[in-house]
There are 2 protein chains.
Amino acid sequence: MVTYNLNLGWIADDEANEKMAEAFGNLVYEREKGVAGYYNLPENSKLIVSEVEAYAASNETVQRCNTVVVIGIGGSSLGTKAIDSMLRHKYPHARRLLFLENPDPVDLEAKFSSIVKEKTLFIVISKSGTTVETMSIFKAVIAHFDLDLDGKDKERIIAITDEGSALCHFVDRHALKAYTIPHNVGGRFSVLSSVGIVPLTLAGYDTCTLLSGAAAMVERFFNGEEEHLLIKSAFIAETWRDYRMNVLFAYGTFLEDFTKWYVQLWGESLGKIDRCGNRVGPTPLGHIGSVDQHSFLQLIIQGPRDKSVTFLKVENFENNLKIPDIKLDYIEKSDYVNGHTFNELINAECDATRESIAGEGVPVDSVTLDKIDEADIGELILYYELLTSLVGAMLHIDTYDQPGVELGKRILVKKFQKAR
Amino acid sequence: MVTYNLNLGWIADDEANEKMAEAFGNLVYEREKGVAGYYNLPENSKLIVSEVEAYAASNETVQRCNTVVVIGIGGSSLGTKAIDSMLRHKYPHARRLLFLENPDPVDLEAKFSSIVKEKTLFIVISKSGTTVETMSIFKAVIAHFDLDLDGKDKERIIAITDEGSALCHFVDRHALKAYTIPHNVGGRFSVLSSVGIVPLTLAGYDTCTLLSGAAAMVERFFNGEEEHLLIKSAFIAETWRDYRMNVLFAYGTFLEDFTKWYVQLWGESLGKIDRCGNRVGPTPLGHIGSVDQHSFLQLIIQGPRDKSVTFLKVENFENNLKIPDIKLDYIEKSDYVNGHTFNELINAECDATRESIAGEGVPVDSVTLDKIDEADIGELILYYELLTSLVGAMLHIDTYDQPGVELGKRILVKKFQKAR
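Residues numbered from 1 in each chain as written. Chains lettered and ligands numbered in written order. Predicted model: local features only at pLDDT ≥ 70, side-chain atom pairs only at ≥ 80, totals over all residues.

(A) Spotlight on the overall build of chain A. The secondary structure content of chain A amounts to 16 helices and 12 strands. The C-alpha radius of gyration computed for chain A amounts to 23 Å, which stays within 12% of the reference 22 Å derived for 420 residues, consistent with globular compactness. Based on the C-alpha atoms only, the size of chain A along its principal axes is roughly 65 × 65 × 50 Å. Considering chain A as a whole, with its 420 residues, one finds that 57% of them fall into the buried category. Across chain A, the fraction of contacts at a sequence separation of at least 24, relative to all contacts at a separation of at least 6, is 79%. (Helix = DSSP H or I, 4+ residues; strand = E, 2+ residues; numbered from the N terminus. Rg over C-alpha atoms; globule rule 2.2 N^0.38 Å. Buried ≥ 20, exposed ≤ 12 C-beta atoms within 10 Å, placed from the backbone. Contact = placed C-beta atoms within 7 Å.)

The following block contains the structure:
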């Protein structure tokens, strides 16, 4: 179960109420007309789970594998990585997921050296099939591991891409296994499409329950049962010029990749020029508790009042590691936590920090998971996707495009053309 | 060699010039009067290096170790971690450094299971000796590994703390090996004190060269040879209300921990109430290229003009991994990088992104390392520390305290007292 608590110090006025109703209507429209396809993924992707499970159960190459390599960047990797990081400790026997994302040769070579080809599946993911980082890394993988695309390594390679894309044609030519991404699902909203579901299912996670949790959230939201989402969106859309940043303060090291997924989702969706030509968009920041209490907290408390803070917390880590009841001479001052679990300590730190921040008048809200399980993670993903769509609708922007990054890509091509 | 390039679209007026002169004078004063001790670390810590090297060469317990565990949080770990991440790939035979920071039981147990006591040194670091996370983890380590503080495990434990602190008294009682941190060096400025130098030297890094690079930067700065630092500081201090965020966009996966160190250094130093009672402080953000070009870049380009961007780049990765000259049917579009190295690709992406951002009128600057080596890393650290002190002086704040985090600590204690 996920619970949501708002302490924003803000009350919706009539105008905000109207905005909420209008944005809700927008999302209903987007869903019905297929403007954004992610609303339907929790239902539609269940078929992919069955297909992948059946394939994995019957395929010897898959069964011999202990590693699934994901070749993809941005929306093609962040969501999968986030879910893997959250669930990993509960699945010690799941296949290892390894992400080849950054075209950093030091990073790539270190990862290459940990891969045994005979025990590895390679999944290459690109919506367009033209992402220069992904295609370059794919080529390096082919060369380094001497992959035979038409022969003995055929079953070791899976592609995930848009129907009709360049990568899709490539796959057809070599008759490789492939899954498609719906056209109306953008990279950063694609984690519950084949993009995330194929590697996560192959790793051995219960993706069916993940999708059920997400589906339930979609249903409840469109039934009007998740009003807190509308209020939080309206608060962000109305006040982002004052509270320019939203800090997602997540308590637990395994939540760090989730904060990165959230940063992409918000950054790429909400940083836009609106229909009146204004530059808009709150900035997302990810921080990890309690480590970053020793880093960023001072700035939140005494710095400018330009941030709102969301606390993400897991009530039950399902881990009983205790702070032993040891007394060390002279350092008795921290003995007050002796005998308690680290689970209690990290969560008490979360609560104490939230109280101290809220006490300073900083707008605060919390998202609390009972425990880490697939259903709650599915809900959490939909929560953030719906929030993003709502804020985008209220800001009058196109939440689903990313025109700003095209110029850099063109400059990059020119740099290499000059070099020739 | 490190080179600095400013493209801020900003020219210092008379008032700004006065501010620069005044801030420079402040730093001279801080150094002379010992207000901040970090200016002298590059020279003073050389003694620590010799002492640790001699100790390591003569001590059998150290020689049997392949792992150095650092128990510390925030300023006691971030800097060491940053340097370790940057240098690791050049030192395949260095001892592993493992950081026990976050009181997250899942994270702790995973790390515990990778530690073999007989091959491990444990370094516990806390300025005050009362940091609740660090002391709790230290107790858990004592219990889990059954450490005998007064007998056979004595040489396996090292403490780093302020003279006269609670931890210092504890160390004396058990006659454990210890190093002190100068009183006038705060946690976030402490990486070149014993805090970083002891674990990094024990791991096997060339900390002497690290300190030399830092010392040279201090000398050049106080000789008035690093004017770019004054200009950048003045720009930040003068314009932070417009450019509320500084994004450190670092190209290379191994730079991620450095961005976290920078976020702490700025966040905790510059987020303050100034002497007129105003809340001030720009917000630091860390991002990694080229991955985050697929994430955060859209927000920088089309979102509000409330960010400046610093590009951190390494010219020569000293790695020749190439994008193979393979042609894949239908996906020829990315062939323009074929035959080039990944080093060329990631840096061309950095340059293209910088050009596209600068072209939009976003204030941009770059810090470029010729290659990753100890001297350049030492310089880079001092560059950021001096920048922080300068901005702090110009904002009329106390750069070196952190009063904002105390309330949360008091609330935490109360939570546990109630629970009893």
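(B) A look at the relation of the copies chain B and chain A. Here chain B sits on chain A after a turn of 180 degrees about the axis and a move of 0.0 Å along it, with an RMSD of 0.0 Å. Taken together, the rotation and translation describe the operation of a two-fold axis. Taking C-alpha positions as reference, the residue of chain B nearest the rotation axis is L285(B), located at 3.7 Å. Most of the interface of chain B is mirrored in chain A, where 100% of its interface residues are also at the interface. (Least-squares fit on C-alpha atoms with pLDDT ≥ 70 in both.)

(C) Spotlight on the sheet that holds strand 10 (residues 283–289) of chain B. Residues and elements named next belong to chain B. Within the open sheet, the 5 strands sit side by side as 1-12-11-7-10. Their pairing is mixed. Each end of this open sheet is capped by a strand with a single partner; those strands are strand 1 (2–7) and strand 10. Each neighbouring strand pair of the sheet contributes to a mean axis angle of 20 degrees, computed without reference to strand direction. On top of the sheet, helix 11 (residues 227–239) reaches strand 1, strand 7 (245–251) and strand 12 (364–371); it is set at about 40 degrees to strand 1, its chief contact. On the sheet, helix 14 (residues 342–359) packs against strand 1, strand 7, strand 10, strand 11 (307–316) and strand 12 and is oriented at approximately 155 degrees with respect to strand 11. (Pairing = 2+ DSSP bridges. Axes fitted to C-alpha atoms, helices over the stretch in contact; angles between N-to-C directions.)

(D) Representation of unusual backbone geometry. Each neighbour pair has its own omega, and for G289(A) with S290(A) the value is 0 degrees, a cis peptide bond. The topology assignment puts S290(A) in the loop between strand 10 (283–289) and helix 13 (297–302). Residues other than glycine seldom take positive phi values, yet D146(A) does so here, at roughly 50 degrees. Relative to the assigned elements, D146(A) resides in the loop between helix 7 (132–144) and strand 5 (157–162). Here D146(A) falls in the exposed class, since 8 other C-beta atoms lie within 10 Å of it. One non-glycine residue, A175(B), adopts positive backbone phi at about 50 degrees. For A175(B), a count of 10 C-beta atoms within 10 Å corresponds to the exposed category.

(E) Quick peek at the pairing of strand 6 (residues 177–181) of chain A. Residue and element names in this part refer to chain A. Bridge count between strand 5 and strand 6: 5 bridges; the pairing is parallel. Note that in strand 6 the partner of D162 across the bridge is I181. Regarding the hand of the β-α-β motif, the stretch spanning strand 5, helix 8 (residues 166–174) and strand 6 is right-handed. (Right-handed = clockwise from strand over helix to strand, strands pointing away.)

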